[in-house]
Amino acid sequence: MTWMVIRLVLSLVFIGGVLWFAARVAKKRGLGQGNGLIEVVARQRMGRASSVSVVRIADRVLVVGSTEEQVTLLAEVDGDVIEEAIAERRVAAAQPALTGGPGALAGSVFDRNGWTTFVSQLRERTVRR
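To keep things clear, this report deals only with the structure shown in the data block. Quick caveat: nothing in here was measured; it's all calculated off a predicted structure.

**What to know about the environment of I57**
By the element assignment, I57 lies in strand β2 (residues 51–57). Residue classification places I57 among the partly exposed residues on the basis of a relative accessible area of 32%. Separated by 20 residues in sequence, I57 and L37 have C-alpha atoms that sit 5.8 Å apart. Every residue in contact with I57, bar those within four places of it in the chain, is listed here: L37, I38 and L62.

This is how it looks when you write it as structure tokens:
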């Protein structure tokens with residue numbers, strides 16, 4: 001029994017060492033790090049395998065459609081328009097939480113109003129008349 005515990009600990013130490021070494025090698029080669037030149041500002045899924053993305057490359061902002069097979073340039077947008085839209089979105093997202101409105105849980109599984117509506121609709125359908 002003791003030998004099995006020792007083997008387990010040694011195996012975990014070995015795996016941890018391999019992961020640590022791989023992380024250091026990846027960090028030295030710059031893998032997994034962005035250089036700040038390309039930034040995905042927003043992404044919206046349009047279907048199972050398609051999406052529309054807003055990408056900022058240096059000082060240009062591009063709207064790009066992507067599928068499994070290809071990436072298509074849809075439009076080039078002014079960077080100031082995107083910044084204004086992002087700022088409005090942040091203000092709109094923060095406002096309900098400040099005013100005591102529906103908050104961050106609105107529309108989620110944890111939304112009390114959603115469950116109340118669901119239960120009342122379920123009662124309405126199951127009541128004998």
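**Points about the pattern of salt bridges**
Taken as a whole and judged by the stated rule, the model has 3 salt bridges. Among the ionic pairs, E39 bridges to R56, the shortest N-O distance being 3.1 Å. Highlighted residues: E39 in strand β1 (residues 38–45) and R56 in strand β2, separated in sequence by 17 residues. For E39, a relative accessible area of 40% corresponds to the partly exposed category. With relative accessibility at 17%, the residue R56 sits in the buried group. A salt bridge links R60 to E76, with the nearest nitrogen and oxygen atoms 2.9 Å apart. Highlighted residues: R60 in strand β3 (residues 60–66) and E76 in strand β4 (residues 71–77), separated in sequence by 16 residues.

**Here's the deal with unusual backbone geometry**
As a rule of thumb, non-glycine residues mostly have phi less than zero, and peptide bonds are mostly trans rather than cis. Unusually for a residue other than glycine, A58 sits at a positive phi of about 55°. By the secondary structure assignment, A58 is in the loop between β2 and β3.

**Thoughts on the sheet that holds β3**
The pairing of strands in a sheet happens through backbone hydrogen bonds and is either parallel or antiparallel. If you walk across this open sheet you meet the 4 strands as β1-β2-β3-β4, and the pairing is antiparallel. What marks the edges here is a single partner per strand, and that holds for β1 and β4. Recorded for the sheet is a direction-independent mean angle of 25° between the axes of neighbouring strands. Direction of pairing for β1 relative to β2: antiparallel, over a ladder of 7 bridges. In the sheet register, V40 faces β2, and the bridge partner there is V55.

Criteria and cut-off values
Residues numbered from 1 in each chain as written. Predicted model: local features only at pLDDT ≥ 70, side-chain atom pairs only at ≥ 80, totals over all residues. Heavy atoms only, no water. Helix = DSSP H or I, 4+ residues; strand = E, 2+ residues; numbered from the N terminus. Buried < 20%, exposed > 50% of the residue type's maximum accessible area, 1.4 Å probe, protein only. Contact = heavy atoms within 4.5 Å. Salt bridge = Lys/Arg side-chain N within 4 Å of Asp/Glu carboxyl O. Pairing = 2+ DSSP bridges. Axes fitted to C-alpha atoms, helices over the stretch in contact; angles between N-to-C directions.

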